[in-house]
Amino acid sequence: MIAALKKKYSKFWQLYVFLLIPLVYLFIFRYYPMIGAQIAFRKYSLKDGVWGSQWVGFDNFVKFLSAYQFRRVLINTLALSLYSLLASFPIPVIFALMLNVVSNRRLKRSIQTISSLPNFISIVVLVGMIRQFFNPLVGAYSLIYGLFSSGTVPDLLGSPSAFGHIYVLSGVWQTFGYSAIIYLAALSSVSDELHEASQIDGASRFQRVIHIDFPAILPTVTIMLILRMGFIMNVGFEKVYLLQNPMNVSVSEIISTFVYKKGLGSGMSNDYSYAAAIDIFNSVINMILISTVNAISDKLGETSLW
């Protein structure tokens, strides 16, 4: 057996050398930095370093769980993430099913290209566009509002009730076209013979979408949903932080912005250990969620990541 493995490795040694490159990358940039995660269990100071700082165990975790901001930050994170999931996850699936019906290839490619372009807009530029559009003085929103009302234009960017809608709907607009690509790829594998047979049996186009196209992409939808559940606590930091202001902070303060403010945004009073503990707590919740959803999916539909 050893001789067979040696012969196999010697025959394809070039491929294994190429394999070393991503393995080294993962070790240096993914696994080796995890040693620094121990600062969550220490009272870290720059002077003493990681290994010289005092070990405090789970004190930083207890501090976060007992903090008065804990409930608000956790609820805001879950509310924004679940709203984003419910709004943005089904739309690419529906869009892919609708686009797959289009028979004109040139029109289909044009729609797919145009719908995918917003995904390549940076978050900073997107937030700048949002601020310009919703500017209560000179924005397009104020002009449209003035056509239907003579009252004072409300400042939606400073409204706590409007923050979630602006964040989620702008995200849907930016990503739905690009996210649909994977479902369109899955639909391309559907045999034309199935559609031809169903047409002979008298099935309408809608019935073919429901009974042929959708079951074909259901495993892909399931896998993408499981992966999405693994990031349920990771609401996009950049856009939330850039849209955040003192008027909407009551609903826009999430775990990622809270970690930044405690770990890097507090000047000389930065608490690196506290921020690291919060981030580890976040990662543990994500791991529990993805494992739970994966187990449920495997039990019910026999489709899972592992």
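Counting restarts for each chain: residues are numbered from 1 in the order of the written sequence. Local features are withheld for residues below a pLDDT of 70 in this predicted model, meaning they are given only at 70 or higher, and side-chain atom pairs are given and counted only at 80 or more; totals for whole chains, interfaces and linings count all residues. With hydrogens and water excluded, all non-hydrogen atoms of the structure serve as input to the side-chain values.

**Examining the side chain of Asn-294**
Okay, step 1: Secondary structure elements follow DSSP: runs of H or I of four or more residues count as helices, runs of E of two or more count as strands, with numbering from the N terminus. Tracing the backbone through its elements, the reader meets Asn-294 in helix α17 (residues 272-301).
Okay, step 2: Among the residues examined, Asn-294 registers a relative accessible area of 3% and is labelled buried.
Okay, step 3: Two residues qualify as a contact provided that any one of their heavy atoms is within 4.5 Å of a heavy atom in the partner residue. Once residues within four sequence positions are removed from consideration, Asn-294 is found in contact with Ile-226, Ser-304, Leu-305 and Trp-306. Exposure categories follow from relative accessible area, calculated using a 1.4 Å probe and restricted to protein chains: below 20% of the type maximum is buried, above 50% is exposed, and the middle band is partly exposed.

**Details of the packing of helix α5 (residues 70-88) against helix α6 (residues 90-101)**
Okay, step 1: With their axes 5 Å apart at the nearest point, α5 and α6 run at an angle of 10 degrees to one another. Considering the angle they form, α5 stands roughly parallel to α6. Only Pro-90, Ile-91 and Pro-92 of α6 make contact with α5, whose side of the interface consists of Leu-85, Leu-86, Ala-87 and Ser-88.
Okay, step 2: Asp, Glu, Lys and Arg are counted as charged, while Ala, Val, Leu, Ile, Met, Phe, Trp, Tyr, Cys and Pro are counted as nonpolar; the rest, among them Gly, fall into the polar class. Split by residue class, the contact of α5 with α6 holds 6 nonpolar, 1 polar and no charged. Lines fitted to the C-alpha atoms define the axes, with helices restricted to the stretch that makes contact. Angles between their N-to-C directions range from 0 to 180 degrees. Any angle from 65 to 115 degrees is called roughly perpendicular, while one under 35 is roughly parallel, one over 145 is roughly antiparallel, and all others are oblique.

**Here we look at the packing of aromatic side chains**
Two numbers describe a pair of aromatic rings. These are the distance of the centres and the angle of the planes.
Okay, step 1: Any two rings among Phe, Tyr and Trp, with Trp reduced to its six-membered ring, count as a pair given centres within 6.5 Å; such a pair is stacked if its planes are under 30 degrees apart, edge-to-face if over 60, and tilted if neither. Tallying each qualifying case throughout the model produces 22 aromatic pairs.
Okay, step 2: Plain terms: the ring middles of Phe-134 and Tyr-141 are 5.8 Å apart, the flat faces sit at 50 degrees to each other, and that makes the pair tilted.
Okay, step 3: A relative accessible area of 18% places Phe-134 in the buried class.
Okay, step 4: Aromatic pair Phe-237 and Tyr-260: ring centres 5.5 Å apart, planes at 55 degrees, arrangement tilted. Residue Phe-237 is located in helix α14 (residues 237-243), and its partner Tyr-260 is located in helix α16 (residues 255-263); the two are separated by 23 residues in the primary sequence.
Okay, step 5: Here a set of aromatic residues connected by ring pairs shows up, and it is made of Phe-64, Phe-70, Phe-258, Tyr-274 and Phe-281.

**Regarding the layout of surface pockets**
Okay, step 1: Grid spacing is 1 Å over the protein atoms alone, the probe is 1.4 Å, and a cavity is where that probe fits but cannot get out, while a pocket is an open set with protein on both sides within 12 Å along at least five of seven lines and lining residues have an atom within 4 Å of a point. Grid points are joined across faces, edges and corners, and a volume is the space filled by probe spheres set on the points. Approximately 790 Å³ is the volume attributed to the largest pocket.
Okay, step 2: Around the largest pocket, the lining comprises 28 residues; the ones closest to its centre are Ser-84, Ser-88, Gly-171, Thr-175 and Arg-228.
Okay, step 3: Each residue belonging to the lining of the largest pocket can be placed in one class, and the counts come to 15 nonpolar, 10 polar and 3 charged.
Okay, step 4: In this model, the second largest pocket occupies a volume close to 520 Å³.
Okay, step 5: What lines the second largest pocket is a set of 17 residues, and nearest its centre among them are Asn-100, Lys-108, Leu-187, Ser-188 and Asp-192.
Okay, step 6: Looking at the lining of the second largest pocket, the elements with two or more residues in it are α6, α7 (105-116), α11 (181-187), α12 (192-200) and α13 (205-229).
Okay, step 7: Among the elements that line the lining of the second largest pocket, the one with the most residues is α7, at 4 residues.
Okay, step 8: The residue inventory of the lining of the second largest pocket, partitioned by class, reads 5 nonpolar, 5 polar and 7 charged.

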